[in-house]
Amino acid sequence: MALQFTINGVSQFIETISPTVTLLDYLREHISLKGTKEGCAEGDCGACTVIIAERTKRDTKYRAINSCLLLLPQVDGKHLLTVEGLGCKFENRRAILEPIQKSMVDGDGTQCGFCTPGIIMSLYAFYNSSKIQTDKNIHDALAGNLCRCTGYRSIVDAARQERVFTEKKVISENLSTVAEYSHEGQRFFKPKTLKEISKIYSTYPSSTLLAGGTDLGLSFSKDRQVTQTIIFTGDVKELGIIEETNKALTIGSAVTYSEILPYLDKLFPSFANLVTRIGSDQIRNVGTICGNIATASPIGDTLPCLIALNSQLKICSNNGERKVDIEDFFISYRKTNLKKGEFIKSVSIPKLNATQKFRAYKVSKRYDQDISAVIGAFLIEFNQERVAKTIIAFGGMDSTPRRALHSEKQLTGETWTEENINKVSEKISEEFKPISDLRASSTYRSQVAGNLFKRFYFDLVDSNKPNQVVDL
Ligand SMILES: Cc1cc2nc3c(=O)[nH]c(=O)nc-3n(C[C@H](O)[C@H](O)[C@H](O)COP(=O)(O)OP(=O)(O)OC[C@H]3O[C@@H](n4cnc5c(N)ncnc54)[C@H](O)[C@@H]3O)c2cc1C
Ligand code: FES
Ligand code: FES
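In every chain, residue numbers begin from 1 and rise along the written sequence. Labels are handed out in written order, letters beginning with A for the chains and numbers beginning with 1 for the ligands. Where local features are concerned, this predicted model is filtered to residues with pLDDT of at least 70; where side-chain atom pairs are given and counted, the filter is 80 or more; whole-chain, interface and lining totals use all residues. Calculation of side-chain values draws on the structure's entire complement of heavy atoms; hydrogens and water are dropped beforehand.

1. Quick look at the pairing of strand β21 (residues 386–395)
Argument step 1. Here's how the labels work: a residue is buried when its accessible area is under 20% of the maximum for its type, exposed when over 50%, partly exposed in between, all with a 1.4 Å probe on protein chains only. Under the DSSP-based scheme used, a helix requires at least four consecutive residues in state H or I and a strand at least two consecutive residues in state E, with every element numbered from the N terminus. Of all ten residues making up β21, seven are buried, and the element is well covered by its neighbours.
Argument step 2. For two strands to count as paired, DSSP must find a minimum of two bridges between them. As defined by bridge partners, strand β20 (residues 374–383) adjoins β21 across nine bridges and the pair is classed as antiparallel. Residue glycine 376 lies in a different strand from β21, and its bridge partner there is phenylalanine 394.
Argument step 3. Linking two consecutive strands that pair antiparallel, namely β20 and β21, is a turn of two residues; a positive phi of about 55 degrees is found at glutamine 384 within it.
Argument step 4. As defined by bridge partners, β21 adjoins strand β22 (residues 402–403) across two bridges and the pair is classed as antiparallel. Across the sheet, residue alanine 393 finds its bridge partner in β22, namely arginine 403.
Argument step 5. In sequence, β21 turns back onto β22 through a hairpin of six residues, with glycine 396 there showing a positive phi of about 85 degrees.

Spelled out as structure tokens, the structure:
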């Protein structure tokens, strides 16, 4: 069956192209829409930014995404907007520009020809969003357009101009989606229910599961891998569910960072703050927490947070479901305890009670869009002045994210004083043997780990003076 989607309102039917061709390659090489550029091909530079338009109950939402990381079957049934779809009307030989394009032109806000189209798309999506036009939100919206080598200040000035959003009518009708797309032996499954995905995965247990593709996408865009069988989780209804009860927040494995952020912000603001530093809007609009968990990366940002928060995974297969404490999920470097045919259904995070406090910290060379050197996530439960229980979890300190069990034990029953915290902080690094790599040296990581725990203490004793390096 053919894939079907629209670009700037024009229908596209795909029957004879490999399912591992990226949207960016399709735009540039197959239909010659060369306004969308290829810079890095790994989700960093933003030159390839396009927009997915989706109807909600009230209006149409425009989400910026990196076309270099998205495979064609992922946009099946979707409506896309590229830079060619903006400001393309001419009157009296003058281009009629979108308000954001005009602000950029009037204010000399421009980077090079590679970067500028992507910046326009990011700002167009920002103008459509409900985010207030603060400087922080403008910088956030531009964080996924990495280069700052020419006119960044004038671009920010352009984005500060009065917000006028003119909707591009790119959605004409609801499109159907395929259940499977095949091409020359490659198969791309798009199951719609839990039952379907469980069955397909048990039939093809060696196939590759794909959620947002912000991790896997690089194997297609950079390594040009021709994967034989892919199962996409993004259309499975049960995996897209977010459930909040009195006790816990449960996040389906196909829920994106952008979708879950308002919930995290309400329940675990420090976790939410860390998530806003994962990649960029383009990455968070498609990437998922469960994809992050499944990579089992020692520097996956959400993993130490989920460990400190006592989270539990629901694992699913054709044979039923089982629960696993997230801590027991990571076996060794990038190895999980998933068996053949099993996949993550959801992650549940227990809500904090009144005696518990949680904070998470990310240390990286750059504030936005950077991989962590160290992540520290800490939970503490008080019994009046004393520590009833604490969980100290780190990423970037070992081959898997893990707890500092000895330090936790040392603090239990002690008073929450600077003296006691200093004693523990100075010894924390003895529980780890971090590596030196291009992100940080082993010595730096060890020192940072202890210092982050001290920071946790100072944040809690005087929460009016948060120890932030930037004004949030
Ligand atoms: C530019 C850029 C910046 C990034 N910045 C950060 C960052 O700051 N911090 C960070 O931690 N990460 C970062 N990442 C990595 C990536 O965005 C995250 O790991 C993301 O959470 C992956 O989610 P996904 O849905 O895109 O997963 P995918 O790429 O679709 O999949 C990742 C892995 O999970 C498996 N998988 C997916 N769903 C399931 C499931 N339900 N059950 C079992 N296995 C499954 C896949 O088979 C694959 O092995 C960045 C990536 C890019 C490209
Ligand atoms: S080409 Fe750089 S983000 Fe896609
Ligand atoms: S690479 Fe485009 S402005 Fe720097």
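Still more ground to cover, so stick around.
2. Quick word on the state of the cysteines
Argument step 1. Throughout, disulfides are identified as pairs of cysteine sulfur atoms within 2.5 Å of each other. Applying the stated criterion to the full structure yields zero disulfides.
Argument step 2. Here cysteine 316 is not cross-linked by a disulfide; its sulfur's nearest cysteine counterpart is in cysteine 290, at 12 Å.

3. A short note on the domain arrangement of the chain
Argument step 1. For the purposes of this description, domain bounds are those given by an automatic or database domain assignment. Each domain of the chain was delimited in the assignment, giving domain 1 (1–167), domain 2 (180–232), domain 3 (237–350) and domain 4 (356–461).
Argument step 2. Taking the mean C-alpha position of each, domain 1 and domain 3 sit 28 Å from one another.
Argument step 3. By the convention used here, residues are in contact when the closest approach between their heavy atoms is within 4.5 Å. The interface is formed by 16 residues belonging to domain 1 together with six residues belonging to domain 3.
Argument step 4. Once two parts are brought into contact, the accessible area they lose, counted with a 1.4 Å probe and summed over both, makes up the buried area. Here domain 1 meets domain 3 over a buried area of about 820 Å², counting both sides, of which 47% is carbon and sulfur.
Argument step 5. Considering only the surface of domain 1 that becomes buried against domain 3, Arg63, Ala64 and Asp140 emerge as the three largest contributors, covering 36% of it.
Argument step 6. Salt bridge criterion: a side-chain nitrogen from Lys or Arg within 4 Å of a carboxyl oxygen from Asp or Glu. In this structure, the connection of domain 1 to domain 3 is made through one salt bridge.
Argument step 7. When the shortest N-O distance is used, the salt bridge between lysine 131 and aspartate 281 registers 3.5 Å.
Argument step 8. Listing elements by their share of the side of domain 1 that touches domain 3, those giving two or more residues are β4 (60–66) and α4 (135–142).
Argument step 9. Considering each element in turn, the side of domain 1 that touches domain 3 owes the most residues, four residues, to β4.

4. Quick word on the pairing of strand β14 (residues 312–317)
Argument step 1. Relative to strand β15 (residues 320–325), β14 is paired through six bridges, and the arrangement is antiparallel. When the sheet's bridge partners are listed, cysteine 316 is paired in β15 with glutamate 321.
Argument step 2. What sits between the antiparallel neighbours β14 and β15 is a turn of two residues.
Argument step 3. As paired strands, β14 and strand β18 (residues 343–350) are joined by five bridges and run antiparallel to one another. By the bridge assignment for β18, glutamine 312 is matched with serine 348.

5. Details of the nonpolar core
Argument step 1. Buried Ala, Val, Leu, Ile, Met, Phe, Trp, Tyr and Cys residues form a nonpolar core when they are joined through side-chain atoms within 4.5 Å. Counting 40 residues, the largest nonpolar core has Leu264, Phe271, Ile289, Ile293 and Phe358 as its most contacted members.
Argument step 2. Counting contributing residues per domain, this core is built from domain 3 (237–350) and domain 4 (356–461), each supplying no fewer than three.
Argument step 3. Sequence-distant contacts of leucine 264, that is, excluding residues within four places in its chain, are made with Leu249, Pro269, Phe271, Ala272, Val275, Ile289 and Ile349.

6. A word on the site of ligand 1
Argument step 1. Whether a residue is near a molecule or strand is decided by its heavy atoms; if any one of them lies within 4 Å of it, the residue is near. Taken together, 34 residues surround ligand 1, and among them Leu209, Thr214, Tyr257, Thr288 and Asp301 come closest.
Argument step 2. Polar contacts here mean pairs of N or O atoms no more than 3.5 Å apart (in protein, one a potential hydrogen donor and the other a potential acceptor; neighbouring residues in sequence count only if both atoms are side-chain atoms). One of the side-chain N or O atoms of serine 253 is found 3.3 Å from a nitrogen atom in ligand 1.
Argument step 3. At the level of secondary structure, the elements contributing two or more residues to the shell around ligand 1 comprise β10 (208–210), α11 (289–295) and β18.
Argument step 4. With four residues, the single largest contributor to the shell around ligand 1 is α11.

7. Side note on the sheet that holds β4
Note: strands within a sheet are paired through backbone hydrogen bonds, in either parallel or antiparallel orientation.
Argument step 1. Read from one edge of the open sheet, five strands run β2-β1-β5-β3-β4, paired in mixed fashion. The open sheet is flanked by β2 (10–14) and β4, the only strands paired with a single partner. Adjacent strand axes in the sheet meet at a mean angle of 35 degrees when their direction is disregarded.
Argument step 2. As judged from the seven bridges shared by strand β3 (residues 49–55) and β4, these two strands associate in the antiparallel manner. Each residue of the ladder has a partner; that of isoleucine 51, found in β4, is alanine 64. Only the stretch in contact is used when fitting a helix axis, every axis being a line fitted to C-alpha atoms; angles between N-to-C directions are given from 0 to 180 degrees.

8. Considerations on the sheet that holds β18
Argument step 1. Pairing is antiparallel across the open sheet formed by five strands, whose spatial order is β12-β13-β18-β14-β15. This sheet does not close on itself; its edge strands, each paired only once, are β12 (242–244) and β15. Each strand of the sheet is rotated relative to its neighbour by a mean of 20 degrees, with strand direction disregarded.
Argument step 2. Relative to β18, helix α6 (residues 194–203) is tilted by about 130 degrees, and along the sheet it contacts β14, β15 and β18.
Argument step 3. Relative to the sheet, helix α8 (residues 257–267) contacts β12, β13 (248–252) and β18, its axis offset from that of β12 by approximately 20 degrees.

9. So, helix α2 (residues 99–106)
Argument step 1. Of all the residues in α2, the buried ones are Ile100, Gln101, Ser103 and Met104. Relative to the axis of α2, the buried residues are bounded by an arc of 160 degrees and lie together on one face. Counted as exposed and oriented over 90 degrees from the buried face of α2: Val105 and Asp106.
Argument step 2. Contacts from the buried residues of α2 go to α3 (115–128) and α5 (152–160).
Argument step 3. With its phi angle positive at about 50 degrees, aspartate 108 sits one or two positions after the end of α2. Picture the helix axis, draw a direction to every C-beta atom, and the arc is the one those directions span.

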